[in-house]
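Commentary on secondary and tertiary structure
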Amino acid sequence: MEYWRDWFLEQNAVQPSMIIAFWDFWHLSENWTSNTPRKQLEWLILGSKMSLERAKQKLDMYYTIRRLVPELFMNRDPRDSGLTDLHDVTRYVILPKLTPENCRTCILQPTVNDVNKFDPWLLHKYMFMVGDIRMVEDRSVGDIFVYDLAMISLGHVMKLTPTLLKKCEVAASEAYATRIRGIHFINAPPFVDRIVTMVKSVLKPKLAARMHVHAVGDLESFHRLVPKSILPKDYGGSYSTMKEISDLLRKKVDDWRDWFLEQEKVFADERLRPGPAFDENDLFGFSGSFRKLAVD
């Protein structure tokens, strides 16, 4: 990890003075009450394309959005029954190996097709918990998201509401500095067009163009874009299995349990914010048209 951290900092010209300035900004701000790890500040600078001002905005949003979206950022005990039940129906993994372009690949694989057991809010809560850990322990130039639709029905799709998608989009781009390099739907069912249309509704054209659909059994087209050398055996690779990687990640999240419990009361104090407080309608645009996801 330290090798990759140093490499990414060097390649992206992140100067120590920039980190120090960010650190000073953080500690002088009155509306935050937590010590943010230095490596997390580095992540935000990298995700902001070396813009200190944009990194400051994302750090502000990182603590602000916890109050605005409690469905995703509160009650995050990894041993809570809801989160433990999630692992019985879904696997979410971060592949250990980077792509040749130094991107990180994330795969979501539902393991049962019972729509009654599908809770998209819990699923995305867990994904953001993994995101918190990655800010400290991971480095890449961007993310590739892979969604295995083999077990997905129209009932699952109906649970992915515009409200959920919008809140996840804002959190990922504005608070977690996510830089999406590709989105892949594999084992796509006949109704995949509905999924693509729904997802594109909150994306800018530049990011929508990075979406790829691969029909059921068509891993060859997928491998042309995501090499087999980094993939688990489930998808034609030779590196471990989805279950093994998922179990390791689950243990990693549990190792962070004390941190997640401590963070329950850590969010921006709007009473101390200079200027107007953040409003949910202003941020998510529910009273008007949806804002589009910013893309590098």
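The following paragraphs examine the structure supplied in this document. (Residues numbered from 1 in each chain as written. Predicted model: local features only at pLDDT ≥ 70, side-chain atom pairs only at ≥ 80, totals over all residues. Heavy atoms only, no water.)

Points about helix 13 (residues 242-255)
Worth spelling out the cut-off: Numbering goes from the N terminus for both helices and strands, where a helix is a DSSP run of H or I of at least four residues and a strand is a run of E of at least two. Each helix should span, by expectation, one fewer than its residue count multiplied by 1.5 Å. For every residue, the accessible area obtained with a 1.4 Å probe (protein chains only) is divided by the maximum for its type, and the residue is called buried under 20%, exposed over 50%, and partly exposed between those limits. Our arc is simply the arc of the directions from the helix axis toward the C-beta atoms.
Between its terminal C-alpha atoms helix 13 stretches 20 Å, which fits the 20 Å expected from 14 residues at 1.5 Å a residue. Every buried residue of helix 13 is listed here: M242, I245, S246, L249 and V253. The buried side chains of helix 13 occupy one side of the element, clustering within an arc of 100° when seen end-on. In helix 13, the exposed positions angled more than 90 degrees off the buried face are occupied by L248 and D255.

A few points about the sheet that holds strand 1 (residues 90-94)
The condition is simple: Paired strands are those between which DSSP finds at least two bridges. Axis angles are defined between N-to-C directions and span 0 to 180 degrees, where every axis is a line fitted to C-alpha atoms and, for a helix, only to the segment in contact. Any two residues having at least one pair of non-hydrogen atoms within 4.5 Å are treated as being in contact.
If you trace the 5 strands from one edge of the open sheet to the other, you get 1-2-3-4-5, paired in mixed fashion. Only two strands of the sheet have a single neighbouring strand rather than two, namely strand 1 and strand 5 (211-215). Across the sheet, the mean angle from the axis of one strand to that of its neighbour is 15°, orientation sign disregarded. Here strand 4 (residues 180-188) runs beside strand 5; their pairing, made up of 4 bridges, is parallel. Considered in strand 5, the bridge of H184 is made with H212. With respect to the sheet, helix 10 (residues 192-200) is in contact with strand 4 and strand 5, its orientation differing from that of strand 5 by roughly 170°.

Things to note about the packing of helix 7 (residues 120-137) against helix 13
Applicable threshold: Roughly parallel means an angle under 35 degrees; roughly antiparallel means over 145; roughly perpendicular covers 65 to 115; every other angle is labelled oblique. Throughout this entry, Asp, Glu, Lys and Arg are counted as charged residues, while Ala, Val, Leu, Ile, Met, Phe, Trp, Tyr, Cys and Pro are counted as nonpolar. The remaining residues, Gly among them, count as polar.
Direction vectors running N to C along helix 7 and helix 13 enclose 75°, while the axes themselves pass 10 Å from each other. The angle between helix 7 and helix 13 falls in the class roughly perpendicular. Across from Y126, M129, V130, I133 and E137 in helix 7, the residues of helix 13 making contact are L249, R250, K252 and V253. Its residues assigned to classes, the contact of helix 7 with helix 13 shows 6 nonpolar, no polar and 3 charged.

Here's the deal with the side chain of R66
Note the cut-off: Asp and Glu count as negative and Lys and Arg as positive, but His and the ends of the chain are not part of the count. When a carboxyl oxygen of Asp or Glu lies within 4 Å of a side-chain nitrogen of Lys or Arg, that pair is called a salt bridge. Two N or O atoms count as a polar contact when they lie within 3.5 Å, although within protein this holds only if one can serve as hydrogen donor and the other as acceptor, and sequence-adjacent residues are included solely when both atoms are side-chain atoms.
Mapped onto the elements of the fold, R66 is located in helix 4 (residues 52-68). Buried charge without a partner: R66 forms no salt bridge, and the closest opposite charge is D132, 4.6 Å away. A polar contact of 3.2 Å, which involves the side chain of R66, links it to the side chain of Y62. R66 has contacts with F73, M74, R76, W259, Q263, V266 and F267, leaving out every residue within four places of it along the chain.

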